[in-house]
Structure formats: C-alpha cells, structure tokens
Amino acid sequence: MSSSTVSRVRRQGPLSPWLFAAPGLLIIGAFILYPFVSTLVNAFTDKRTLIPGEFVGLANFRELLHDDMFWIGLRNSTLYVLGVVPALVILPLLLALLVQKNIPGITFFRSAFYTPVVASIVVVGLIWVWLLDERGLVNSLLETIGVGRIGFLSDQWLLLLSAMAVTVWKGLGYYMIIYLAALANVPRELHEAAAVDGAGAVRRFVTVTVPAVRSTMALVGALSSVAAFKVFSEVYLMAGPSGGPAGEDTTLVMLVQRTGTGLTGRVGYASAISVVVFVVTVALMLLVLRADRRAES
Amino acid sequence: MTRVRKGELVLRYVLLLAVLALTVGPFLWQLSTSLKGPTEDIYSSPPSFLPRHPTLHNYERVSDTIPVWDYALNSLKVATANVVTNCVGSALAGYALARLRYRGRRAATLAFILAMLVPVEGIIIAQFTTMRELGLNNTLIGVVLPGCIGAMNVLLMRNAFLNLPYEIEEAAYVDGANVWQRFLRIALPSVRGTIAVVAIFAFMGAWDDFLWPLIVLSDPSKFTLTIGLNYLHGTFAGDERLVAAGTVIAVAPLIVLFACLQRYFFRGVGEGAVKG
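What counts and what doesn't
Once a new chain begins, its residue numbering starts again from 1 and follows that chain's sequence as written. Both sets of labels track the order of writing: A upward for chains, 1 upward for ligands. Restriction of local features to residues with pLDDT of at least 70 applies here, the model being predicted, together with a cutoff of 80 or more for giving and counting side-chain atom pairs; totals for whole chains, interfaces and linings are based on all residues. Side-chain metrics in this entry use all non-hydrogen atoms of the structure; hydrogen atoms and water are not considered. Numbering goes from the N terminus for both helices and strands, where a helix is a DSSP run of H or I of at least four residues and a strand is a run of E of at least two. As a reference, a globule follows 2.2 Å times the number of residues to the power 0.38, and the radius of gyration itself is taken over C-alpha atoms. Burial status follows relative accessibility: with a 1.4 Å probe on protein chains alone, a residue under 20% of its type maximum counts as buried, one over 50% as exposed, and anything between as partly exposed. Any two residues whose heavy atoms approach within 4.5 Å are treated as being in contact. Relevant arc is that of directions from the helix axis to the C-beta atoms, nothing else. What counts as a salt bridge is simple: a side-chain nitrogen of Lys or Arg found within 4 Å of a carboxyl oxygen of Asp or Glu. In the scheme used here, Gly and all other residues not listed as nonpolar or charged are polar, with Ala, Val, Leu, Ile, Met, Phe, Trp, Tyr, Cys and Pro taken as nonpolar and Asp, Glu, Lys and Arg as charged. Counting rule for charge: Lys and Arg are taken as positive, Asp and Glu as negative, and neither His nor the chain ends is counted. A pair of cysteine sulfur atoms is labelled a disulfide when the two atoms are within 2.5 Å. The criterion for an aromatic pair is that two Phe, Tyr or Trp rings (for Trp, the six-membered ring) have centres within 6.5 Å, with stacked assigned to planes under 30 degrees apart, edge-to-face to planes over 60 apart and tilted to the rest. Either the NZ atom of lysine or the CZ atom of arginine qualifies as a charge over a ring when it sits within 6 Å of the ring centre and within 35 degrees of the ring normal. Remark: nonpolar core denotes a set of buried residues (Ala, Val, Leu, Ile, Met, Phe, Trp, Tyr, Cys) joined through side-chain atoms within 4.5 Å. Think of each axis as a best-fit line through the C-alpha atoms, taken over the contacting stretch in the case of a helix, with angles from 0 to 180 degrees between the N-to-C directions. An angle counts as roughly parallel when it lies under 35 degrees, as roughly antiparallel when it exceeds 145, as roughly perpendicular when it falls between 65 and 115, and as oblique in every other case. Two helices crossing with the near one rotated counterclockwise from the far one by less than a right angle form a left-handed crossing, whereas a clockwise rotation gives a right-handed crossing.

Which residues make up the overall build of chain B, and what values do they have?
Along its length, chain B carries 13 helices and zero strands. Listed by position from the N terminus, the elements making up chain B come as α-α-α-α-α-α-α-α-α-α-α-α-α. Computed over the C-alpha atoms, the radius of gyration of chain B is 24 Å, more than 25% above the 19 Å expected from 2.2 N^0.38 for a compact globule of 276 residues. Projected onto the principal axes, the alpha-carbon positions of chain B cover approximately 75 × 65 × 35 Å.

Have a look at this one:
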C-alpha cells in the first residue's frame, strides 16, 4: 500500500478527530488529570472541606514526620507489600502450571479458580470476616482437630496477616491468567530437551520455566506491589473504618480516606499523604522493572 | 500433546480439587449459611456444611432490613451506564488515536497513557472536591462519571483499531463514505471482540467498586449494593445469616455473567496484561 492511500484514508474534516476524542479527553481531563494536579497543589495548602485554604509550603510534610498515624499507615502498607508480593509472584505461577495442561474438565477448574477475582471485594471481605470469626468456620475446624480457637480478627498482627491472606486469595486467579498467557509462549522443545537430559519436574521448573517467564514475574511483581501498597478495602472491611485495635491496622489509603473526607476533612493534609503514596508506588514500579532488566542482561 | 502418566494425572486432579475447595468453598459456605433457618446453630463445631432445613427466609428478612433490591437497582443503573459510556467513549477515542491524522494526536495519546498511570486511590479526595464543585456529590451520576471512559479501555480500543488492515476502510473511502460512516459501518463491527471485553470489565468494575461510592454517597437511599452490604454488616453484625444472604445477592449476578462470558474474560485479561 502506498503512503498516499494511507493519507487518503486518514484524511477527514479538521474538526471530526477532536469530536471523536472529545468525550474521552474531557472525562480523563476533568476526573483524572485535573484531580491529580490539584492533589499535588493541595498538598502544599491547608485546604479543608469547606475552606479553600492557603499555601503553607512544606508544613503538611513536616507534620507527617511527627504524625504517629502516618508512620503506622506507612508501616502497614510496606508490610503489606513485603507479605503479599512474594506470594502473588510465586503461587499463581504454580497454579498456572497446574491448569496449563489440557486434561478433561480443565476449563471448569480455570473458571472456578477465577471466581474470587470476579466477586466484589466487599463480598470477599464479608465472606472472610465470617470465615475467620471467633466462632466461624475456620475456628470450628481448628477446634474440631484440637488446635483451639484463634482470634484472627482481634489481634493487631493476625488481623493484618489475615487481610494479606485474603488479598492473595482474591488475586491468585488474576495473576494465574497472566502467567498462563506467558507460559503459552515458552517453547515446548526446551522442556523436552531438559527432560531428555534427565531433569526432573522441579529441576525443569527452575532451569526452564522460571527463566522463560522472568519478565512476566517482574510484571506481576510490579502490578501486585503497587496494588498492595495502596490496599484499602480488605483492611477497611476486616478491621473496620477506624483500622482495628487502636487504629494499629490503618493503611495509608485508609488514612487518606479518613483524613480527607467529611465536613471537617483536611484536604491539604490528605493530599500530602497521597503524594507519598504516588512517590512510593512509582518507586516500587521502577524498582521491580529495573530488577527485571538487570536479571535479563 | 505429550502423554500424561496415570500417577501424574491423579496427582493433578487431587491438587485441582484441593485448590477448588479453597477458592470456591468459601462462596458455598456463604450460600449454605444464607439458607440456614433461625433455629439452626450456625456456630456448631464440627461445622455442618449442609443446611438441615433449607429456607429462603433470610432473603426475605434482608429485604425487610435494608432496601436490598433498591440497592441492586442502583448498582445495575451505575453498571449499565458505565458499560454504555465506556464502550461508546473508548471506541470513539480509540478510533481517533489509531486511525485519524491531526495535529495533537500524540499529545492526546500521551494524555490517555498518563491517565492510565495515575493511581486512583491517591486522587480520590481531589475527585471528591471536584465532584462537589460540580454539585454532583451524593448522586449516582457522580458515582459513574470518573470511570465512565477508562483510559485503559481507550488504549485497548486503539490497539484493536491499529490492528485492522487499512484496505477495508479504503474501499469505503473510494465509495465516498465519510469518516463517521467508515467508523460506524466498517471499523466498529471489526472490533466487536474488544468491545465485548471492555463491556465486561466496565460492568464488573462498576458493580464491584467500593472506595469511590463509599466516598461520594452519603444518603442511604442512593447506596449501591456494595456500600449497602457494608452498612448491613455494620448494623447487623450479629446475624451472619442476613449478611450471607446479602452477599449472595451481590455476587450471584456476576458469577452468572462470568460463567456466560468467560471465554472473552480470559482473552481480555491476557491481552490487557501483555499490552498494558
């Protein structure tokens, strides 16, 4: 095809391209890009819900340094990344290997494993609150086998750990599908050659599968660490709006929501916390992807 | 396909069933709880997995306690609006990015890429103040607007249009079709698969969303199902049967939708992940 036909097909009135793009640009401009910029600006003001506020320089950030709740939030969000990401990088890969082979009924299993992804986080949260309740299913099973009941939702650390488990449980199916797509591109000859050389299943996993899906592992690591750092719903639902015993289970986004909303909401201060969330998530993303590039070279 | 040894096959099915119990079991337990009558002990140890006298009583009670069907209707309105706006808006914008030539196209593409990278959790407070300035707080329109044309969807549609050969539009151009006719009659029907993916994710995203409606909606009569459930949980934490019935009402439509459209689902997740 000559370049002139391309330009002829593309040619049109001067206004219509913008008519096509206008609704999309308007929406993301008004509700994503403008709020993003105003978050950055508000972080340097003492704006409140009903008060426009004034420029206060770095005062919000200085206050953050002395705010115990901020450090609790930062600690919990960081712990969340450390706890959830390794599990979400490895377990879905194993799951993908399990459902990869086309054996009878496998489509059913693949869909069934995806169900937690489809379900709303509220439903998932409420199901697990019930399962992990002092008198819930998990505890009655534990009691039946003689372990005794455990206060999954009343202890500060167990609560955080339970929320992490729920995040992993809900994310398994999603990352499994990403790994399935990556595994489909691994040449079968590699496995066969390794098998001929006498490598067992574990050996083949380490020497063939893992190197072949390394960049996908980095992608999953990046996606799950960004999501884990911004965790809100699971902890909010399991620990309650105030963040569990003495607020010790509050995460950063929970703090943003609690500080910035309501009639007395401190919009400026909440924006400063949001800026911290931006900076850390971008850093996490770059860190994981750079680690991947280093591993490749 | 390589032959699968018998022992390995048995092991595979054992593992598959174990994971099945772990992923689907909690939903079934919830369903079972919702069907247990008021006289049945739901805290027994060892637990009883099947309700002794299954009853729909809890479903009646949940609708006496909170207007659960109104909430479901609100969720349906929000989700439907989200599907329509996302399909129409992203198809239009995606076509403009992929197929039309004009000054500023690169800038427009960049705007959508930037928007995709902005973490929504970090801008909710500013979204909330923007919404208040527009006087749309505490309305369902306010719930729909921020996500009504997702940047990710626009980029998905752009990729779909980019993959179409130019020849098919060329013929229509020679026949004198203008840009709108080419879009509607030629380009759009060729990307139906991607539109289906956008529609499914738009529905699921809107139906499942929690944080944004929680912030925007304050009037209980306008609650969506997810917010209503959280409210139910807070108010009647004592009766798990009611909460269980509520969650089943919220999750059942999605599981049905998913079961019908799972083929598109998996394709969509795979594509989105590889390209995103």
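Now, about the overall build of chain A: what can you tell me, with residues and values included?
From N to C terminus, chain A includes 14 helices and zero strands. Walking chain A from its N terminus toward its C terminus, one meets helices and strands in the order α-α-α-α-α-α-α-α-α-α-α-α-α-α. By the compact-globule yardstick of 19 Å for 297 residues, chain A is too spread out, its C-alpha radius of gyration being 24 Å. Once the C-alpha set of chain A is aligned to its principal axes, its extents read approximately 80 × 70 × 35 Å. Counting the 297 residues in chain A, one finds 54% classified as buried. Long-range pairs, those at least 24 residues apart, make up 67% of the contacts in chain A with a sequence separation of at least 6.

A description of helix α2 (residues 57-65) of chain B should follow, citing residues and the corresponding values.
Residue and element names in this part refer to chain B. Listed as buried for α2 are Asn58, Tyr59 and Val62. Buried residues of α2, seen end-on, are gathered within an arc of 100 degrees and therefore sit on one face of the element. Pointing more than 90 degrees away from the buried face of α2 are the exposed residues Glu60 and Asp64.

Which residues make up the pattern of salt bridges, and what values go with them?
Tallied over the entire structure, the rule returns 13 salt bridges over all chains. Residue Asp239(B) pairs with Arg241(B) through a salt bridge whose shortest N-O separation is 3.6 Å. Note on accessibility: Asp239(B) and Arg241(B) belong to one class, buried. Salt bridges here are not isolated pairs; linked through shared partners, they connect Lys101(A), Glu8(B) and Arg12(B).

Account for the interface of chain A and chain B, with residues named and values stated.
The interface of chain A with chain B comprises 92 residues on the first partner and 98 residues on the second. The salt bridge involving Lys101(A) is made with Glu8(B); its shortest N-O contact spans 3.6 Å. If you tally residues by element for the side of chain A that touches chain B, the top one is helix α2 (residues 16-42) of chain A, at 20 residues. Residue composition of the side of chain A that touches chain B, grouped by class: 60 nonpolar, 21 polar and eleven charged.

Account for helix α8 (residues 167-174) of chain B, with residues named and values stated.
All names here are of chain B. Within α8, burial applies to Glu169, Glu170, Ala172 and Tyr173. Each buried residue of α8 lies within a common arc of 165 degrees when the element is viewed along its axis, so the set occupies one face. Directly after α8, the chain includes Gly176, whose backbone phi takes a positive value near 90 degrees.

I'd like a description of the side chain of Glu240(B), backed by residues and values.
Mapped onto the elements, Glu240(B) comes out in helix α13 (residues 240-275). It turns out Glu240(B) is buried and unbridged, and the closest side chain with the opposite charge, Arg135(A), is 6.9 Å from it. Not counting chain neighbours up to four residues away, the residues in contact with Glu240(B) comprise Trp130(A), Thr33(B), Ile42(B) and Tyr43(B).

Explain the state of the cysteines residue by residue, including any values.
All names here are of chain B. Going through the model one piece at a time under the given rule, you end up with zero disulfides over all chains. Here Cys148 is not disulfide-linked; the sulfur of Cys87 is the nearest cysteine sulfur, at 12 Å. Assessed through its relative accessible area of 6%, Cys148 is described here as buried.

Please set out the packing of aromatic side chains residue by residue, giving values where relevant.
For the structure on display, the rule yields 25 aromatic pairs over all chains. Relative to Phe109(A), the ring of Phe108(A) lies with its centre 5.5 Å away and its plane at 65 degrees, an arrangement referred to as edge-to-face. Ring geometry for Phe203(B) against Trp207(B): centres 5.8 Å apart, planes inclined by 10 degrees, an arrangement best described as stacked. Here Phe203(B) and its partner Trp207(B) are both found in helix α10 (residues 192-208), four residues apart, which amounts to about one turn of the helix. Among the residues examined, Phe203(B) registers a relative accessible area of 16% and is labelled buried. Taken together, the aromatic side chains of Phe20(A), Tyr95(B), Phe161(B), Trp180(B) and Phe183(B) make up a single cluster linked through ring pairs. In this structure, Arg135(A) packs its charged tip against the face of Tyr43(B), placed 3.8 Å from the ring centre. Stacked on the ring of Tyr166(B), the Lys or Arg Arg99(B) has its end atom at 4.2 Å from the ring centre.

Let's hear about the nonpolar core: which residues, and what values?
Residues Tyr80(A), Phe113(A), Phe161(B) and Phe210(B) are the most contacted members of the largest nonpolar core, which totals 172 residues. With 16 residues, helix α8 (residues 156-183) of chain A is the largest single contributor of residues to this core. Aside from chain neighbours lying at most four places away, what touches Phe113(A) is Leu95(A), Val99(A), Gly173(A), Met176(A), Leu16(B), Val19(B), Leu20(B) and Thr23(B).

Which residues make up the packing of α8(A) against helix α11 (residues 214-229) of chain A, and what values go with them?
Residue and element names in this part refer to chain A. Viewed as axis vectors pointing N to C, α8 and α11 meet at an angle of 160 degrees, and their least axial separation amounts to 10 Å. In terms of orientation, α8 and α11 fall into the roughly antiparallel class. Between α8 and α11 lies a crossing of right-handed hand. Listed contacts from α11 to Tyr175, Ile178, Tyr179 and Ala182 of α8 are Thr216, Met217, Leu219, Val220, Leu223 and Ser224.

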